[in-house]
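Residue-level structure breakdown
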Amino acid sequence: MFCPFCQKNNLPGGVRCAYCGALISAPPTDSPPPQSISPTTTPSLLQRRRGGIVGLLAVLVLKLKSFLALLKFGKVLATLTSMLLFIAADTRLFGWKFGVGIGLCILIHELGHVFVNWRKGLKQSAPVFIPFVGAVIFLKKFPEDPTIQSESGAGGPAAGMLAALFCLLIGWLTHSPFWLALANVGFLINLFNLIPFPPLDGSHIFTVFSPGLWKGVLIIILLWALKMPSPYLWMILIVGFFRRTSEAVNARYLLAPPLVRLRMAAIFLVLCLGMSYAASLTLQTRQAYFHAGHQPVATTASATASASRPNPVPFTPEQKATIRHFVQGALFAFTLLCWLPIPFLIAKAANMRWQPPSLLPAFGAIAVLPLLLFGVPHIAPLHSIALPLLLAYLLGSLFAFVCALRATFSHSRTPKTVWTLTANTALWATAGALLVAYLFNSLPLGFIVLIPVALLLVRAPWLISQWIALCFANAGDYGRAHAWFSKALAQTPPRADEAFLHRRLARIYLALEQGETTLKHLQQADSLASLQGEVNMSYYIHALILQERYLEALDLCESFLLPTKPLSRAVLVRRYADVQYVLIASALQRGWYDNALARSNYCLHEYKNASSLITSLFLLHKAEALLGLGRYEEAEETLKAIRTLPQTPTHLAHKLCLGARIAAQKHDRATMLQALHRMQTLLPESLRVRYWVGRLQCETNPHSTDKTALEALAHDFPQEYWGRRALDTLQGKSEPAPPPSTPPPTAPAFDFVT
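Computed from a predicted structure; not experimentally measured.

1. Focus: the overall build of the protein chain
Looking only at helices and strands, one finds 32 helices and 4 strands in the protein chain. Going through the 754 residues of the protein chain one by one, you find that 46% of them count as buried. Long-range contacts, defined as pairs at least 24 residues apart, comprise 67% of the intrachain contacts of the protein chain with a sequence gap of at least 6. Carbon together with sulfur atoms contributes 66% to the accessible area of the protein chain, which is approximately 39,900 Å² in total.

Set out below in C-alpha cells:
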C-alpha cells in the first residue's frame, strides 16, 4: 500500500500510513448489506391448511411444555425416559439387575455434576442418557472461571466414586459377587471419565493445572502405573502427555489461585489412584461373575506334549564367553551411539560450537561403562545391584540422547545456553536411572545415581535459581521470578548464561509492559554475548513501542522483514505476523482505531491457518479497536470468541481489562469490580493493569477523590507510555485522536516491503 503524502510503502491491511497516519484507503464497512423484501403473495389453500396444522401442533406443544413446566416434571420426565431406554439397552447385554445398577451409578455421577453446577449458579439441562454410551449434561453458558469449570468436572467422578464405594461396602458385608462386580464397573466408568480429552470430565479438571503441575500429576500417575498397571491409567498418561505437548499453553489457569490448583490436583490424584486400586481389587470377582461356569480345563494332550519336550542343551563355556563378548560389544556400541552425538546436539541447540561443559558429561558417561561391566560385579557390597545399575545406566543414556535430540529439533525461538542444556540432559539421564531404581526398589542405587547430578549442580549453582525462577514465571508470579533471576545473576554464571538471564528478565518486564527496563536488560544481554536473533529483535521492537519511539521501532521492523540470510516460509510468515501485530499495537496507542480494526480483520483472514495463539492476539486487538470506536456490543462478542483460545498471562490481563471497560460503559459495576480484582490478582505489577484499575475506579465512583494509583504510576514511570497516559488523565486531557486526512510535512520514514 502506497502513501501519497509521505511517498512510502506500507504492509497491506491498514487504512492509514504507519508513519504519518494519513488515510490511504477507505475504512471497510462491517455492516451487513440491506435485505431485500420479497413482495407479498396470497397463500394458496394447501399452504393455508399446512399452516393451520403446523400452528395447531405448535400450540399443543407449547401448551404441553407449559403444563410440564408448571408441574416441574419436564426435566425429570426427560431424564427418566432416557434412563429407562438406557437400562433396557444394557439389560440385553448384562441382565436387568446389572442394567439397573449401571444406570443408577451413572445417574449418581450426573447428579454430582448437577449439584456442583447448582451450587456455582450455572444454568444447566437435565441429565440425558444415551444407550450404550452414558449420560450428558449441557450447560447454558460456559463458565469463565476455570475454578468453577474444574470443580464442576470433578463433581461427577467424585459422586460416582462414592456410589461405587457404597456397592463395594455392600459386597464386602454380604459377600455378594453381584455388588462387587457392579462396584468394579462403577470404578472403571468413572476412571474412564478422568481421561483428559474433551468432552470427558478429566479435560475440565485439567483447566486449572499449570504446565509444571500437569507434569507432576502425570509423573505421579506413571510411578503408580508402573507398580500397579491399569489400562485406564495408561490411557490417562498417553492422552495427557500428547495434549500437554501438542497444545499451546493457555494462561487461563492463572485465574485460579495457587491453592485451588493444588487442591484440584490432589483431588484428581485421589480419584485416579483410588479408583484404579479399588478396580484392581474387584477385577477377579467381576470376571468370575460374568464368566461363571466357563473355567478353562487343562487337557491331557497338552500335559503329555509338555512332558515329551526335550530338555534344552546347556551352553558350553566357549559359547557362554562368545555370548558375553557379543553383549559387551553391543553395550559399548549403544553407549557410543547415545553419548558421542550429545555434545554436538547440545551445541547445535545453543546455536554455537561445542564447548567443554557438554564434553565432560559425555566422556565421563562413556568411561563409566567399563567400570560397570568389569568392576562392579567383583565388588562384594555392590554385587547385588550390578544388574540394576547397568540397566539404570542404559536407560539413562537413552533418556539423555532423547533429551538432546528433542532440544535440537524443537525449533525453539529462545535457544538456551550450553550449561542449561547440559544440565537438562543430565537431569533426564538421572530420571531414567531413578526410574530403574524405583522398579527394583533399590535405595542404594538411587543414592549412587544422584551423585553425578549433585556434583554438576554444585559446579553450577545458578542453574538451581534459574529453574526456580522459571517455575515462578510459569505460575504467573513475576515478582518471585524476578527475585530468583536476580539471585542467579549474583551467583556469577558464565557470560552466555548471564546474557540468557538478562534476556529472561527482559521478557518479564515486557510482560509487565515496562519498556525502559526491558531495553536496559536487552542491551546488557547484547553486551555480554551475541544474542541478536529473532526473539531479541521482537523484544526490542515491542519495548520501543511502549516507549512511544515509533520511528526506531519501524526501522527495526524494516530490517526484521529484510533478513540477511534465506529463511523458510514458516519463519517469514511468522515475522510478517509479528510486524502486523506491532503495527496494530502502535495504532491502538496512537488512537488510530480505524487502522487497528482494519489490520486486525485483515490478519484474521490472512493468517486464519496460523496457530490459535496468534488468532487470539489479533482478536484481542480487534476487540480493543471496536471498543475505541464505541462499538461495545461487537467488542463484547469478539471477547467471547477468545474464551477457549490459548492466551499468555499478559493477554489474559488485557482481555480482563477490556471486559472491565465494557462493563463500566454498561454501568455494570459488579462485573467491572470482579474483572478488576482478577486483573490485580493475575498481574498486579503490570502498568496497564495499574492504569485501568486506577482510572475505572475513579470514573465509576464520582464521589471518590483518591487518585493515588494514577499519581504513583505517573511519578514512578514518567518515560513509559502508561505513565504518560496516567499523567494526561490526571490533567484532564482527552484520549489520543487520529491525525487528519492531510498530514503535516513528513520527516524521514521507513519503507515497508509490500
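Read on, since the account is not over.
2. Considerations on the side chain of Q466
Tracing the sequence through the fold places Q466 in helix 18 (residues 462-474). Side chain to side chain, Q466 and T420 meet in a polar contact 3.4 Å long. Sequence-distant contacts of Q466, that is, excluding residues within four places in its chain, are made with T420, F485, A488, F500 and L501.

3. Some thoughts on a nonpolar patch on the surface
Among the surface-exposed residues, L93, F94, I130, F132, V133 and F290 lie close enough to one another that they form a single nonpolar patch of about 600 Å² accessible area. Within the secondary structure, F290 sits in helix 10 (residues 283-290).

4. Quick notes on the packing of aromatic side chains
All chains considered together, the criterion is met by 15 aromatic pairs. Considering the side-chain rings of F115 and W118, the 6.1 Å spacing of their centres and the 40° angle between planes classify their relative orientation as tilted. Note that F115 and W118 are positioned in helix 3 (residues 96-119) at a spacing of 3 residues, about one turn of the helix. For F115, a relative accessible area of 46% corresponds to the partly exposed category. Centroid distance Y607 to F618: 6.2 Å. Interplanar angle 15°. Geometry classified as stacked. Taken together, the positions of Y607 in the loop between helix 25 (593-606) and helix 26 (612-628) and F618 in helix 26 put the pair 11 residues apart, joining distant regions of the chain. Put simply, the rings of F206, F209, W214 and F268 pair up and form one aromatic cluster.

5. Points about the packing of helix 7 (residues 211-227) against helix 16 (residues 418-439)
Running from amino to carboxyl end, helix 7 crosses helix 16 at an angle of 40°, the nearest separation of the two axes being 10 Å. Considering their axes alone, helix 7 and helix 16 lie oblique with respect to each other. The element helix 7 and its partner helix 16 pack so that their crossing is right-handed. On the side of helix 7, the interface is formed by L223, W224, L226 and K227, while helix 16 contributes L435, Y438 and L439. Across the contact of helix 7 with helix 16, the residue classes tally to 6 nonpolar, no polar and 1 charged.

6. Thoughts on the pattern of salt bridges
For the structure shown, the criterion picks out 12 salt bridges. Two residues, R480 and D477, come together in a salt bridge whose shortest N-O distance is 2.5 Å. Here R690 and D716 are joined by a salt bridge, their closest N and O atoms 3.9 Å apart. Taken as a pair, R690 in helix 30 (residues 687-700) and D716 in helix 31 (residues 708-716) lie far apart in primary sequence, 26 residues in all. Here D716 falls in the partly exposed class, since its relative accessible area comes to 44%. Where salt bridges share partners, they join K120, E151 and R263 into one cluster.

7. Re the confidence of the model for the protein chain
Here the protein chain averages 77 in pLDDT, while 80% of its residues score no lower than 70. In this model residues 293-307 is a low-confidence stretch, pLDDT under 50, and it forms 0 contacts with partners more than four residues away in sequence or in other chains. Segment residues 742-754: pLDDT under 50, and 34 contacts once partners within four positions in sequence are set aside and those in other chains are kept.

8. Remarks on unusual backbone geometry
Omega for the peptide link from P198 to P199 comes to 5°, which places this bond in the cis form. Within the secondary structure layout, P199 lies in the loop between helix 5 (177-193) and helix 6 (201-205). Even without being glycine, E513 reaches a positive phi, approximately 60°. Structurally, E513 is set in the loop between helix 20 (495-511) and helix 21 (515-528). A positive phi angle, close to 60°, is found at H667, a residue other than glycine. Tracing the chain through its elements places H667 in the loop between helix 28 (649-665) and helix 29 (669-682). Since its relative accessible area comes to 74%, H667 is described here as exposed.

9. Examining the packing of helix 3 against helix 5
As a packed pair, helix 3 and helix 5 sit with axes 10 Å apart at the nearest point and diverge in direction by 40°. As summarised for this structure, helix 3 and helix 5 are arranged oblique, according to the angle between their axes. You can see that helix 3 and helix 5 cross each other, and the crossing is right-handed. In this structure, helix 3 uses K97, F98, G101, I102, C105, I106 and H109 to contact helix 5, whose residues at the interface are F178, A181, L182, V185, I189, N190 and N193. Class assignment of the residues belonging to the contact of helix 3 with helix 5 gives a composition of 9 nonpolar, 4 polar and 1 charged.

10. Things to note about helix 29
Over its 14 residues, helix 29 runs 20 Å from end to end, which matches the ideal 20 Å to within 8%, given 1.5 Å per residue. Each element contacted by the buried residues of helix 29 is listed here: helix 28 and helix 30.

11. Considerations on the environment of Q328
Structurally, the position occupied by Q328 is in helix 12 (residues 317-339). Through-space distance from the C-alpha of Q328 to that of L369 is 9.7 Å; in sequence the pair is 41 residues apart.

12. Observations regarding the environment of Y593
Relative to the elements of secondary structure, Y593 occurs in helix 25. With a relative accessible area of 12%, Y593 lands in the buried category. Considered as a pair, Y593 and L629 are 36 residues apart in the sequence and their alpha carbons are 6.5 Å apart.

13. A few points about the side chain of N117
If you trace the backbone, N117 turns up in helix 3. Note on N117: relative accessible area 2%, which makes it buried. Of note is the side chain of N117, whose polar atom sits 2.5 Å from the side chain of S152. Apart from residues lying up to four places away in sequence, N117 is in contact with L122, Q124, L139 and S152.

14. Quick notes on the environment of V133
Assignment of secondary structure puts V133 in the loop between strand 3 (128-130) and strand 4 (134-136). By relative accessible area, V133 is classed as exposed at 66%. Residues V133 and F86, 47 residues apart in the sequence, show an inter-C-alpha distance of 8.6 Å.

Thresholds applied
- Residues numbered from 1 in each chain as written.
- Predicted model: local features only at pLDDT ≥ 70, side-chain atom pairs only at ≥ 80, totals over all residues.
- Heavy atoms only, no water.
- Helix = DSSP H or I, 4+ residues; strand = E, 2+ residues; numbered from the N terminus.
- Buried < 20%, exposed > 50% of the residue type's maximum accessible area, 1.4 Å probe, protein only.
- Contact = heavy atoms within 4.5 Å.
- Areas by Shrake-Rupley, 256 points an atom, 1.4 Å probe, with all protein chains shown as cover.
- Polar contact = N/O pair within 3.5 Å; in protein donor to acceptor, adjacent residues only side chain to side chain.
- Patch = residues over 30% accessible without salt bridge, like charges linked within 9 Å, V, L, I, M, F, W, Y side chains within 5 Å.
- Salt bridge = Lys/Arg side-chain N within 4 Å of Asp/Glu carboxyl O.
- Phe/Tyr/Trp six-rings, centres within 6.5 Å; stacked < 30°, edge-to-face > 60°.
- Axes fitted to C-alpha atoms, helices over the stretch in contact; angles between N-to-C directions.
- Parallel < 35°, antiparallel > 145°, perpendicular 65-115°, else oblique.
- Left-handed = near helix turned anticlockwise from the far one by under 90°.
- Nonpolar A, V, L, I, M, F, W, Y, C, P; charged D, E, K, R; others polar.
- pLDDT = per-residue confidence, 0-100.
- Expected span 1.5 Å × (residues − 1).

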